[in-house]
Structure formats: C-alpha cells, structure tokens
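Close look at the chain arrangement
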Amino acid sequence: MNTVSARRYGISDDEIAALDDYEQGPFDEREKAAIRLATIMSWREPTGTVDDDLLAQLQEYFSDGEILELAMVCSVLTGMAKLLFAFDLADKEATCPYNPPDGS
C-alpha cells in the first residue's frame, strides 16, 4: 500500500481510501476481481486461496494467461516487499502495517 507510488501512477485518493472496503469503492467489477486476487496474494490474507468463485470472476474479465500473470506479479511484489522489510532496506510509510513493534 505505497500511497506515494499509487498517486504517481494515477490512483486517486478516493480509490486509495476505498481499498480497505473495495467492494463498496469506486471500482468496476473487473477492477474488483483483480483487487480480490491481489488481496488473496498479499500478506493481508495469509491463509487465502483462489477458490472456484474467485477464479470464475477473474475468468469473466481475464484470460488464463492474464490471471497467471496477475498472480505472478502479485507474488513477486509481495516477496520483494518482504525482502526489503526483512533487511530494513526500504523506508516504510506511517501507515505500513509491517513496522517493527518499537516503531523503528
């Protein structure tokens, strides 16, 4: 949830604010399906899986190759974020939920 980069790439503040409740947010159904996948692939859903319902939703808007590509990008970004945070190589925004308990 890098808000600085999101804004740079054209994501509005309304869209950023709506991500915690994206089902009610200003997103179309294609975007919601992609956000569902990204949420499952993220640290927010450590036990999440792509079930038949989500797969069917994704297949309404994306080819199987596009779904695989979206999942791979999510997994690489999640893994890179973990690496950067584990080695303390990235500045974390105040809103980052992965700050150490002492706040450093």
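Scroll up to find the structure this text is about.
Quick caveat: nothing in here was measured; it's all calculated off a predicted structure. (Residues numbered from 1 in each chain as written. Predicted model: local features only at pLDDT ≥ 70, side-chain atom pairs only at ≥ 80, totals over all residues. Heavy atoms only, no water.)

Brief notes about the overall build of the protein
Each helix and strand counted, the protein has 5 helices and 0 strands in total. Counted from the first residue to the last, the protein has its helices and strands arranged as α-α-α-α-α. Dimensions of the protein, computed from the C-alpha atoms along their principal axes, are close to 45 × 25 × 20 Å. Sorting the 104 residues of the protein into buried and exposed places 23% on the buried side. Distance from the positive charge centre (8 side chains) to the negative charge centre (21 side chains) of the protein: 6 Å. (Helix = DSSP H or I, 4+ residues; strand = E, 2+ residues; numbered from the N terminus. Buried < 20%, exposed > 50% of the residue type's maximum accessible area, 1.4 Å probe, protein only. Lys, Arg positive; Asp, Glu negative; His and termini not counted. Charge placed at Lys NZ, Arg CZ, Asp CG, Glu CD.)

Things to note about a nonpolar patch on the surface
A contiguous nonpolar surface patch, about 520 Å² in accessible area, is contributed by Val76, Met80, Leu83, Phe87 and Leu89. In this structure, methionine 80 sits in helix α5 (residues 64-86). On the basis of relative accessibility, which here comes to 41%, the residue methionine 80 falls in the partly exposed class. (Patch = residues over 30% accessible without salt bridge, like charges linked within 9 Å, V, L, I, M, F, W, Y side chains within 5 Å. Areas by Shrake-Rupley, 256 points an atom, 1.4 Å probe, with all protein chains shown as cover. Salt bridge = Lys/Arg side-chain N within 4 Å of Asp/Glu carboxyl O.)

Some thoughts on α5
The end-to-end C-alpha distance of α5 is 33 Å, a good match for the 33 Å that 23 residues give at a rise of 1.5 Å each. Listed as buried for α5 are Ile67, Ala71, Cys74 and Thr78. Residues of α5 that are buried make contact with α3 (29-41) and α4 (52-61). The first or second residue beyond α5 is aspartate 88, which carries a positive phi of 50 degrees. (Expected span 1.5 Å × (residues − 1). Contact = heavy atoms within 4.5 Å.)

A closer look at the environment of valine 50
Take valine 50: it is sitting in the loop between α3 and α4. Classification of valine 50 by relative accessible area gives partly exposed; the value is 40%. Remark: the alpha-carbon pair of valine 50 and methionine 72, spanning 22 residues in sequence, is separated by 13 Å.

A closer look at the pattern of salt bridges
This structure, assessed with the given rule, holds 3 salt bridges. With a closest N to O distance of 2.7 Å, glutamate 23 and arginine 36 form a salt bridge. Linking glutamate 23 in the loop between α2 (13-18) and α3 with arginine 36 in helix α3, this pair joins segments that are 13 residues apart in sequence. With a relative accessible area of 32%, glutamate 23 lands in the partly exposed category. Note that lysine 32 and glutamate 29 form a salt bridge whose closest N and O atoms lie 3.5 Å from each other.

Examining the nonpolar core
Counting 8 residues, the largest nonpolar core is built from Ala33, Leu37, Ile40, Leu54, Leu58, Phe62, Ile67 and Ala71. Of all the elements in the fold, those that place two or more residues in this core are α3, α4 and α5. Ranked by residue count, the leading element in this core is α3, at 3 residues. (Core = buried A, V, L, I, M, F, W, Y, C linked by side-chain atoms within 4.5 Å.)

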